[in-house]
Amino acid sequence: MRIVFMGTPDFSVPCLRALLEHGDEVVGVFTQPDKPKGRGYQMIPTPVKKEALSHGLDVYQPTSLRKGEDAESAMETLRSLAPDLIVVVAYGQILPQSVLDLPKYGCVNVHASLLPKYRGAAPIQRVILDGETETGVTTMQMAAGLDTGDMLIRAATRIDPNETANELHDRLSEMGAKTLCETVDAIAAGSITPEVQDDALSCYAKMITKDMSVLDFSKPAAVIHNTIRGISGTAFLNGKRIKFHRSELTEQTADAAQAGVLVDAASLVIACGDGHCIRITELQAEGGKRLRTADFLRGNKLEQGMQFTSSNQ
């Protein structure tokens, strides 16, 4: 089967690699344009571009598939590649109907949630922020709407109570690759039965914003914990910003009025607004390195009764 692959970030790479190992004919790869990065503003290729070039694949980087000369040129390229199927994994551009209609088998997307739940841009972070205990990946036949196409194959997995979004990201990217290959096989065999999504069961995973990481310890401990493992958390101690990377819930309790107060300096346990506590296991001082709590405490003297706040006021 002739396949055009469209993807950009690290999440997409296992899917591209799996297609190649699976023996499918990847005739071209579309990815976002290189972006400047660092002090020297050096142009950095996307992870998918790096992977594609390492396999000698042709790479195309149009700024848009929907309008302008770039879009017209991209459409000509797609027609010349004559794909049977277009596979889209976190590409970062909306495909026009002309592209969706081009391949014999249409366009298939790998989405990092159990659709119809968590459509949208940030499903991995959102399931953790919401305290979900299960998620997965879904392959779907792409349609004009945002993640609204008919579902092809769904694969579920449990979320560990202390699992971070980065860890879940890596697991789901590998699950997505496996599920994609199963989907391609089923499409080729004509054995797949698309399932219409129930819009009544859907929810939208909006983009993550920087302000969401600011911790308000007057909230329940579970909310604080899910924020830290979903997007990391920030708070202030004596006017300096502290970033929390990992945490765990404890059996320890405290007066709800002590929210944000360090109730156990030796193991960095902080009281939360529901009377429960959270233990910080990895953190980072402003301008410092990410450290495990024991290493952090060797260089930073903390005392019981200190209070973490959401601002440096």
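This report concerns the structure included in the present document. (Residues numbered from 1 in each chain as written. Predicted model: local features only at pLDDT ≥ 70, side-chain atom pairs only at ≥ 80, totals over all residues. Heavy atoms only, no water.)

Our focus in this paragraph is unusual backbone geometry. Going from Leu115 to Pro116, the amide bond is cis rather than trans, its omega being 10°. By the secondary structure assignment, Pro116 is in the loop between strand 7 (107–111) and strand 8 (119–120). Look at Ala90: it is not a glycine, yet its phi comes out positive at around 50°. Mapping Ala90 onto the fold places it in the loop between strand 6 (85–89) and helix 4 (97–100). Phi is positive for Tyr118, close to 60°, though the residue is something other than glycine. The residue Tyr118 is located in the loop between strand 7 and strand 8 in this model. Exposure remark for Tyr118: the relative accessible area of 5% places this residue in the buried category. (Helix = DSSP H or I, 4+ residues; strand = E, 2+ residues; numbered from the N terminus. Buried < 20%, exposed > 50% of the residue type's maximum accessible area, 1.4 Å probe, protein only.)

Attention shifts here to the layout of surface pockets. Each pocket or cavity is described by its volume, and for the largest pocket that value is around 1,400 Å³. If you go around the largest pocket, you meet 47 residues; those closest to its centre are Ala90, Gly120, Ala121, Ala122 and Pro123. The element that contributes the greatest number of residues to the lining of the largest pocket is helix 7 (residues 221–231), accounting for 4 residues. Considering only residue class, the lining of the largest pocket consists of 24 nonpolar, 18 polar and 5 charged. What lines the second largest pocket is Leu237, Asn238, Lys240, Arg241, Ile242, Ala285, Glu286, Phe296, Asn300, Lys301, Leu302 and Met306. The greatest single-element share of the lining of the second largest pocket, amounting to 3 residues, is contributed by strand 13 (residues 240–253). Of the residues assigned to the lining of the second largest pocket, the class counts are 6 nonpolar, 2 polar and 4 charged. (1 Å grid on protein atoms, 1.4 Å probe; cavity = no way out; pocket = protein on both sides within 12 Å on 5 of 7 lines; lining within 4 Å. Points joined across faces, edges and corners; volume = space filled by probe spheres on them. Nonpolar A, V, L, I, M, F, W, Y, C, P; charged D, E, K, R; others polar.)

Of all 6 residues in strand 1 (residues 2–7), 5 are buried; the element is thus mostly enclosed. Relative to strand 2 (residues 25–30), strand 1 is paired through 5 bridges, and the arrangement is parallel. From the neighbouring strand, Arg2 faces strand 2, where its bridge partner is Glu25. Taken together, strand 1, helix 1 (residues 13–22) and strand 2 form a β-α-β motif whose crossover is right-handed. In terms of strand pairing, strand 1 meets strand 6 through 5 bridges, oriented parallel. Residue Gly7 lies in a different strand from strand 6, and its bridge partner there is Val89. (Pairing = 2+ DSSP bridges. Right-handed = clockwise from strand over helix to strand, strands pointing away.)

As a further point, take the nonpolar core. Counting residues in each nonpolar core, the largest one holds 37 residues, and the members touching the most others are Phe5, Leu16, Leu19, Val29, Val87, Leu172 and Leu180. When residues of this core are assigned to their parent elements, the largest contribution, 9 residues, is made by helix 6 (residues 165–189). If sequence neighbours within four positions are ignored, Leu180 has contacts with Cys15, Leu19, Val87, Val108, Val110 and Thr139. Grouped together as the second largest cluster of nonpolar side chains are 22 residues, Ala235, Ile242, Ile280 and Met306 included. (Core = buried A, V, L, I, M, F, W, Y, C linked by side-chain atoms within 4.5 Å. Contact = heavy atoms within 4.5 Å.)

Another point: helix 7. With respect to burial, helix 7 is a largely interior element, 9 of its 11 residues being buried. Of all the residues in helix 7, the buried ones are Ala221, Ile224, His225, Asn226, Thr227, Ile228, Arg229, Gly230 and Ile231. In this structure, the buried side of helix 7 is in contact with helix 5 (123–129), helix 6, strand 12 (233–237), strand 13 and strand 16 (276–285). After helix 7 finishes, the residue Ser232 shows a positive phi value of roughly 70°.

Right, let's talk about the packing of aromatic side chains for a bit. Overall, the coordinates contain 4 aromatic pairs when judged by the stated rule. Ring geometry for Phe217 and Phe244: centres 6.5 Å apart, planes at 85°, overall edge-to-face. With Phe217 in the loop between strand 11 (204–205) and helix 7 and Phe244 in strand 13, this pair connects stretches of sequence that are 27 residues apart. Accessibility assignment for this pair places Phe217 and Phe244 in one class, buried. Here Phe244 and Phe308 contribute two aromatic rings whose centre-to-centre distance is 5.6 Å and whose plane-to-plane angle is 70°, an arrangement assigned as edge-to-face. In this pair, Phe244 is assigned in strand 13 and Phe308 in the segment after helix 8 (293–299), connecting sequence segments 64 residues apart. (Phe/Tyr/Trp six-rings, centres within 6.5 Å; stacked < 30°, edge-to-face > 60°.)

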